[in-house]
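Summary of structural features
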Number of protein chains: 4
Amino acid sequence: MTIKGVIRTGLIQLRVLDMEKSIRHYVDIIGLEYVGKAEDGRVFLKGYDEFDHHCVALRETDTAGMDFIAMKVESDEYLKEITEKTIAFGLTVEHIEANSDQPGFGRRVAVTLPMGHRLDLYAEVEMAEDTPMTMNPDIWKQAPRGMAALGIDHALLFGPNVDLTTKYFTEVLELSITEVLKNPENTGNMTVWLTANNKGHDLAILEYPEPGKLHHIGFKLEDWHAIGHAADLISVNDVALDAGPMRHGITRGQTIYFFDPSGNRNETFAGGYAHYPDHPVREWDFAHVGKGIFYYTRELNERFINVVS
Amino acid sequence: MTIKGVIRTGLIQLRVLDMEKSIRHYVDIIGLEYVGKAEDGRVFLKGYDEFDHHCVALRETDTAGMDFIAMKVESDEYLKEITEKTIAFGLTVEHIEANSDQPGFGRRVAVTLPMGHRLDLYAEVEMAEDTPMTMNPDIWKQAPRGMAALGIDHALLFGPNVDLTTKYFTEVLELSITEVLKNPENTGNMTVWLTANNKGHDLAILEYPEPGKLHHIGFKLEDWHAIGHAADLISVNDVALDAGPMRHGITRGQTIYFFDPSGNRNETFAGGYAHYPDHPVREWDFAHVGKGIFYYTRELNERFINVVS
Amino acid sequence: MTIKGVIRTGLIQLRVLDMEKSIRHYVDIIGLEYVGKAEDGRVFLKGYDEFDHHCVALRETDTAGMDFIAMKVESDEYLKEITEKTIAFGLTVEHIEANSDQPGFGRRVAVTLPMGHRLDLYAEVEMAEDTPMTMNPDIWKQAPRGMAALGIDHALLFGPNVDLTTKYFTEVLELSITEVLKNPENTGNMTVWLTANNKGHDLAILEYPEPGKLHHIGFKLEDWHAIGHAADLISVNDVALDAGPMRHGITRGQTIYFFDPSGNRNETFAGGYAHYPDHPVREWDFAHVGKGIFYYTRELNERFINVVS
Amino acid sequence: MTIKGVIRTGLIQLRVLDMEKSIRHYVDIIGLEYVGKAEDGRVFLKGYDEFDHHCVALRETDTAGMDFIAMKVESDEYLKEITEKTIAFGLTVEHIEANSDQPGFGRRVAVTLPMGHRLDLYAEVEMAEDTPMTMNPDIWKQAPRGMAALGIDHALLFGPNVDLTTKYFTEVLELSITEVLKNPENTGNMTVWLTANNKGHDLAILEYPEPGKLHHIGFKLEDWHAIGHAADLISVNDVALDAGPMRHGITRGQTIYFFDPSGNRNETFAGGYAHYPDHPVREWDFAHVGKGIFYYTRELNERFINVVS
């Protein structure tokens, strides 16, 4: 294998206000599969095209947002190596035992990022019961449901200390920067897009005064046709649309933003270029932020800038 | 960066019988960009979405086929490391100086594979003059032409010693196996699909008595819509169709096969899953080869099996 | 209204060998809606985008094929007018009372065509219970199922006396000819495509020694993406594929042919030009029949020519 | 032929401020074909999929807007018949000689609508030199350019007296109403969609104090994929976007609105249902106007309501 070290964003635990409505949203509309429920009431979901046990955990509580996001790494040995480097970098880590709160997951190392978010790192996770076929496989066992999300794609995190967090991501986790957005003063990066693989981003981070905020969690769709179908489902099901269907200048992905019933922003995302580590970083100056994010209208809407969870 | 070692298939030199017709085919119909011409008459082409100097070299001669295929690696240091390992593995290598025959390319190490093909490895290549934009980039400078091939995707090679070649690819180059097709006797692999990244394959190899044969070179298209448009262009332009539009069971890609004017088989390929190194290998027994390659008809056509260049 | 006289092909009664399998095929896979069942066991189906009571009646018996096909006309007055003209033309007609065998349908006039098929004409039919919305309508109430057939599109009938039948269709029913395929001797038309509206065809007729045969019944899909999804469903559900996904030269439609469990050929059809009555007739000589029907491969398969029901 | 009487909207003469920029817009970006230039400097264009001589005439002057829109009817006899009925209805008509100002066009009858617009009616027009093929036709001679507009689709006209104009369109021209939007007081129709064929609309009319205004002229695209490609071209070419890509609730079409360099609003439109004259009229109350026009965001933008030419 030549994808090494950190492999991908693999798990997010979201806080939701109403579990029943959330399941309807993520399962019936977005099309994730229901995997199971914990004794404490948390619900686990996965994309139909994923092998790992689950990629979303939903926790019912009284505020929306993200408990943590997690990235899978190549091996436990590598996990030890980056844990040491993380501590040496100056971040605090917490050790979470295998199978303690995420069924099927091996031990995790929870890192508190300079932006205030918790990032878990893990090397082991059991395969889901219902994975894609592997012996003379059909493309799927049955036609995907709803928006037909294949699985988790990426997240955009808002918080302070983007520079230090970027340093951590690139120097310790060895993520690649795909694109950067300069701040209005052009003195540094306001937003950085980072990837562990061919995707345009596994994580993006935006400088923001309040720590630990989630702008959106993105799920992967097949193509532009699927984006249009997602838009149709949003309207027919009275889902709160944020923006789209449209394209990003940044990542070149085709996209639609909307909110889950708790106010967490979701994105369904398709297309975009394949990133390779020898590609140059794409740069955006602040004057072009509209084109970068909302490639067609070239103007961000207020809600997109101000609403986070 | 966490894509390390071998990065991707990046270059193929094809033998063609008529340069003018070949340029019309690869540039006007497939949509590659014309980069330039060598003093010896060879012509260099690239995909509109690629950064490197070129991805296809065409050499006019009296037999079709492939002179060599080449993979890009992360660094010259790594190139040295795998060169030693290649020699230790027992394969012969030849050293090719920078800018000697491929303008813009750094030094290459040419490996003679057990299957009889020449595989070049290289770490350095200059950026093309006309790359995708990197400063407040548009998605493209002008709408892609013809089939709108983004760039090179993969190749399928036919020759003897698939097992030994697989061993070399996985142990020395550390490629990941994505899928295997068992031989009729179920005693080993008849075909192996290998990747250096998230693609379903950078290279596939098939056991065949004659060494050094090319089954097809694949170019990447955007999606199923682009596959249909490619089919339309094939018919309108009287290109020799082989099979498709269709889907593969293997890689799950959407595809159409056709021949260049010299009889080299081309594929235009879209979609398919994103491979990660922690995914299980998908296996096909020989009885399902039809479904694996021609997912809709489930039967290979004679031409697909017997015609190579 | 300026679509007058004959409006469209609106109903077909098919003979099937196994009702349960047929329902699974037409409802779960093709995506028609189950409307209801007659006391004699016949089952009625409709497309999700149709207003009329039903468009397909399935009758279980021991041979596959078509009992009759039916076209809707603008008014009972017009029905009387063409009934008289039909008799004057020399064809026999039979009168079928309203609601006698097709629930919701007004009286029908059954014409025995020179090709041996029974063509019913009717002016009145009740709206289905579950029609598309008409008050502040959503695009659909829920996402279409399976191949997402919108409704019936056309049929291709095989039988003798194409010339006389064409004369009847154009002179009495005032259908427009959109395309013709010349016979091998170029002495007349082997196949004629006819329409009552903007579609490429409501009916096509092909000269064939055996009377009253059905080559295929076509259902309308949204676009090329839907054709690809239909192909995926065919393979995953082990439906017997005939040909495609592909495009026709004739009508320019995008298409896939397959068989229902009884051996009746189905087509799912999308795209194609919009016909207007002032457009010239497109002509095909016999040497180009391959290109006309199988626009990509340019060769008909044996099954397509020889298998009818 | 069973499409009778009025056949379709076939021609619009637009006023533009700068001919060179307008040609670049309509030919290079929208993809119409350049047909020729009149001695007075007017330029004629057509869609690649149209047979008639031209569908757009551009006239350079100092205000944007529409000189007239024109509908083709089945025959000169029918033209005489509706001319008499038009006069009897109380509208003034003007007779325009064949080939006087629109090359290739037969005589026209220019009707001044109660809304203030000029509607021309004509029965005869020469075929263009460069029509779609009719003998063993390819789907197109070369791949369509730019947005790949197939031809003219419809227009939305703003002006007073929608009720009286509707009466004229339905009683004299026998157009079908497909949808209506009620006024805020629910005392009548604010907007009416009318068709002569299977399209969702050939013309739509909206009650507005100022007479003779053009809201937009719509061109037909192939499908949702083409809408997305149009959006890409709009952004890359700095065309002034109005709204979309999106779907309409009304007509169910997929759409994007933008402005030509003179400020005339264009629409590129795909999909939508096939209308038949036996279909019920779809009704929208004023509270749902947002959903009806901007099906995804459900809110009209200010520009869409207030900018006409």
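Here, the structure is the one placed above.
So, here's what we can say about the structure. (Residues numbered from 1 in each chain as written. Chains lettered and ligands numbered in written order. Predicted model: local features only at pLDDT ≥ 70, side-chain atom pairs only at ≥ 80, totals over all residues. Heavy atoms only, no water.)

We now examine the overall build of chain A. Helices and strands together make up the secondary structure of chain A, namely six helices and 17 strands. Relative to the globule expectation of 19 Å for 309 residues, the C-alpha radius of gyration of chain A, 18 Å, shows essentially globular dimensions. Projected onto its principal axes, the C-alpha coordinates of chain A cover approximately 50 × 45 × 45 Å. Every one of the 309 residues in chain A was classed for burial, and the buried ones make up 66%. Contacts in chain A between residues at least 24 apart in sequence constitute 67% of all its contacts with a sequence separation of at least 6. Accessible surface for chain A amounts to roughly 10500 Å². Of this, 48% is attributable to carbon and sulfur atoms. With 29 positive and 47 negative side-chain charges, chain A shows a spacing of 2 Å between the two charge centroids. (Helix = DSSP H or I, 4+ residues; strand = E, 2+ residues; numbered from the N terminus. Rg over C-alpha atoms; globule rule 2.2 N^0.38 Å. Buried < 20%, exposed > 50% of the residue type's maximum accessible area, 1.4 Å probe, protein only. Contact = heavy atoms within 4.5 Å. Areas by Shrake-Rupley, 256 points an atom, 1.4 Å probe, with all protein chains shown as cover. Lys, Arg positive; Asp, Glu negative; His and termini not counted. Charge placed at Lys NZ, Arg CZ, Asp CG, Glu CD.)

Below, the discussion takes up the packing of aromatic side chains. Summed over all chains, the structure comprises 34 aromatic pairs over all chains. Both rings, one in Y26 of chain A and one in F219 of chain A, keep their centres 6.2 Å apart while their planes meet at 65°; by these two values the pair is edge-to-face. Residue Y26 of chain A is located in helix α1 (residues 19-29), and its partner F219 of chain A is located in strand β13 (residues 213-220); the two are separated by 193 residues in the primary sequence. The class of F219 of chain A is buried, set by a relative accessible area of 0%. Measuring from centroid to centroid gives 5.1 Å for F294 of chain D and F304 of chain D, while their planes differ by 75°, and the two rings are edge-to-face. A residue pair is termed long-range when its members are at least 10 positions apart, and F294 of chain D in the loop between α5 (289-293) and α6 (302-306) and F304 of chain D in helix α6 qualify at ten residues. Exposure class is identical for F294 of chain D and F304 of chain D. Each is buried. Of note, R8 of chain C hangs over the ring of Y276 of chain D, and the distance from its end group to the ring centre comes to 4.6 Å. (Phe/Tyr/Trp six-rings, centres within 6.5 Å; stacked < 30°, edge-to-face > 60°. Lys NZ or Arg CZ within 6 Å of the ring centre and 35° of its normal.)

Note on the identical chains: chain B maps onto chain D by a rotation of 180° and an axial translation of 0.0 Å, with an RMSD of 0.0 Å. Interpreted geometrically, this transformation is the action of a two-fold axis. Minimal C-alpha separation from the rotation axis in chain B is found for H225 of chain B, amounting to 3.7 Å. (Least-squares fit on C-alpha atoms with pLDDT ≥ 70 in both.)

Residues and elements named next belong to chain C. Read across the open sheet, the nine strands follow the order β14-β15-β16-β13-β9-β12-β11-β10-β17; overall the sheet is mixed. Looking along the sheet, the strands with just one partner apiece sit at the ends: β14 (240-247) and β17 (282-284). Sheet twist, expressed as the mean angle between neighbouring strand axes with direction ignored, is 15°. Taken strand by strand, helix α3 (residues 162-172) contacts β9 (151-159), β10 (176-182), β11 (189-195) and β12 (203-207), and its axis lies near 155° from that of β12. (Pairing = 2+ DSSP bridges. Axes fitted to C-alpha atoms, helices over the stretch in contact; angles between N-to-C directions.)

Nonpolar side chains in soluble globular proteins tend to be buried together. Counting residues in each nonpolar core, the largest one holds 176 residues, and the members touching the most others are L121, F169 and L173 of chain A together with L121, Y168, F169 and L173 of chain D. If you look at the next biggest cluster of nonpolar residues, it comprises 175 residues, including M147 and L194 of chain B together with L58 and L181 of chain C. (Core = buried A, V, L, I, M, F, W, Y, C linked by side-chain atoms within 4.5 Å.)

So, on to the packing of helix α4 (residues 224-236) of chain A against helix α4 (residues 224-236) of chain D. Between α4 of chain A and α4 of chain D, whose axes approach to 9 Å, the crossing angle comes to 100°. Taken together, the axes of α4 of chain A and α4 of chain D are roughly perpendicular relative to one another. Between α4 of chain A, through W224, H225 and G228 of chain A, and α4 of chain D, the contact on the second element is made entirely by W224, H225 and G228 of chain D. A class-by-class count of the residues in the contact of α4 of chain A with α4 of chain D yields two nonpolar, four polar and no charged. (Parallel < 35°, antiparallel > 145°, perpendicular 65-115°, else oblique. Nonpolar A, V, L, I, M, F, W, Y, C, P; charged D, E, K, R; others polar.)

A word on the side chain of H201 of chain D. All names here are of chain D. Structurally, the position occupied by H201 is in the loop between β11 (189-195) and β12 (203-207). For H201, a relative accessible area of 5% corresponds to the buried category. Only 3.2 Å separates the side chain of H201 from the side chain of H154, close enough to count as a polar contact. (Polar contact = N/O pair within 3.5 Å; in protein donor to acceptor, adjacent residues only side chain to side chain.)

Moving on, we get to the environment of R42 of chain C. Residue and element names in this part refer to chain C. Of note, R42 is situated in the loop between β2 (33-37) and β3 (43-46). Exposure remark for R42: the relative accessible area of 6% places this residue in the buried category. Linking R42 and Q13, residues 29 residues apart in sequence, is a C-alpha distance of 9.3 Å. Among residues more than four places away in sequence, those in contact with R42 are Q13, M19, G36, K37, L58, R59, D101 and Q102. Side-chain polar atoms of R42 contact the side chain of D40, separated by 2.8 Å.

This part takes up the pattern of salt bridges. Pairing between side chains of opposite charge can happen when the charged atoms of each approach one another. Evaluated as defined, the whole model comprises 100 salt bridges over all chains. Close ionic contact of D40 of chain B with R42 of chain B constitutes a salt bridge, the shortest N to O distance being 2.8 Å. For R107 of chain C, the salt bridge is made with D76 of chain C, and the minimal N-O distance between the two is 3.0 Å. Of this pair, R107 of chain C sits in the loop between β6 (93-96) and β7 (108-112) while D76 of chain C sits in helix α2 (residues 76-89); the two residues are 31 residues apart in sequence, bridging distant segments of the chain. A single network of salt bridges, built from pairs that share partners, joins R8, D52 and K72 of chain A together with D278 of chain B. (Salt bridge = Lys/Arg side-chain N within 4 Å of Asp/Glu carboxyl O.)

Of the residues lining the interface, twelve residues belong to chain B; the matching set on chain D comes to twelve residues. Summed over the three residues of chain B that lose the most area to chain D, namely W140, H225 and V236 of chain B, the buried surface amounts to 50% of that side. There are one residue pair in polar contact (both at pLDDT 80 or more) connecting chain B and chain D. The class makeup of the residues in the side of chain B that touches chain D is five nonpolar, three polar and four charged. (Buried area = accessible area lost by both parts, 1.4 Å probe.)

A separate point is helix α3 (residues 162-172) of chain A. Of all the positions in α3 of chain A, only V162, T165, T166, Y168, F169 and V172 of chain A are classed as buried. Downstream of α3 of chain A by a residue or two, E174 of chain A has a phi angle that is positive, lying close to 60°.

Here the residue pair G244 of chain B and P245 of chain B is connected by a cis peptide bond, since its omega of 5° sits within 30 degrees of zero. Checked against the element boundaries, P245 of chain B lands in strand β14 (residues 240-247). Backbone geometry at T251 of chain A places phi at a positive 75°, although glycine is not the residue there. Residue placement: T251 of chain A occurs in the loop between β14 (240-247) and β15 (253-259). When its relative accessible area of 2% is taken as the criterion, T251 of chain A is described as buried.

Attention now goes to the interface of chain B and chain A. Frequently, the measure chosen for interface size is the accessible area that the parts lose on association. Opposite the 50 residues of chain B that make contact, chain A presents 50 residues. Between chain B and chain A, the buried area comes to about 4600 Å², and carbon and sulfur atoms account for 51% of it. Interface area lost by chain B to chain A is led by T2, N136 and I139 of chain B, which between them contribute 16%. The tally of links between chain B and chain A comes to ten salt bridges. We note a salt bridge from R252 of chain A to D49 of chain B, for which the minimum N-O separation is 2.7 Å. Those elements giving two or more residues to the side of chain B that touches chain A turn out to be β1 (6-16) and β17 (282-284) of chain B. Split into classes, the residues belonging to the side of chain B that touches chain A amount to 23 nonpolar, ten polar and 17 charged.

Turning our attention to empty space enclosed by the protein. One pass over the structure, following the stated rule, counts six cavities of 30 Å³ or more. Taken as a whole, the largest cavity holds about 310 Å³ of empty space. Along its surface, the largest cavity is lined by 20 residues, and Y276 of chain A together with R8, D49, E50 and I152 of chain B are the ones closest to its centre. If you list the elements that add at least two residues to the lining of the largest cavity, you get β1 and β9 (151-159) of chain B. The residue inventory of the lining of the largest cavity, partitioned by class, reads seven nonpolar, five polar and eight charged. (1 Å grid on protein atoms, 1.4 Å probe; cavity = no way out; pocket = protein on both sides within 12 Å on 5 of 7 lines; lining within 4 Å. Points joined across faces, edges and corners; volume = space filled by probe spheres on them.)

Okay, the relation of the copies chain B and chain A next. When chain B is brought onto chain A, the operation consists of a screw motion whose angular component is 180° and whose axial shift is 0.0 Å, with 0.0 Å RMSD remaining. With an isologous cut-off of 70% or more, the 100% of interface residues of chain B that recur at the interface of chain A puts this contact in the isologous class.

Residues and elements named next belong to chain C. Note that β2 and β3 share four bridges and pair antiparallel. Bridged to Y34 within β3 is L45. Turn length for the β2-β3 hairpin, with the two strands adjacent in sequence and antiparallel, is five residues, and the turn residue G41 shows positive phi of about 95°.

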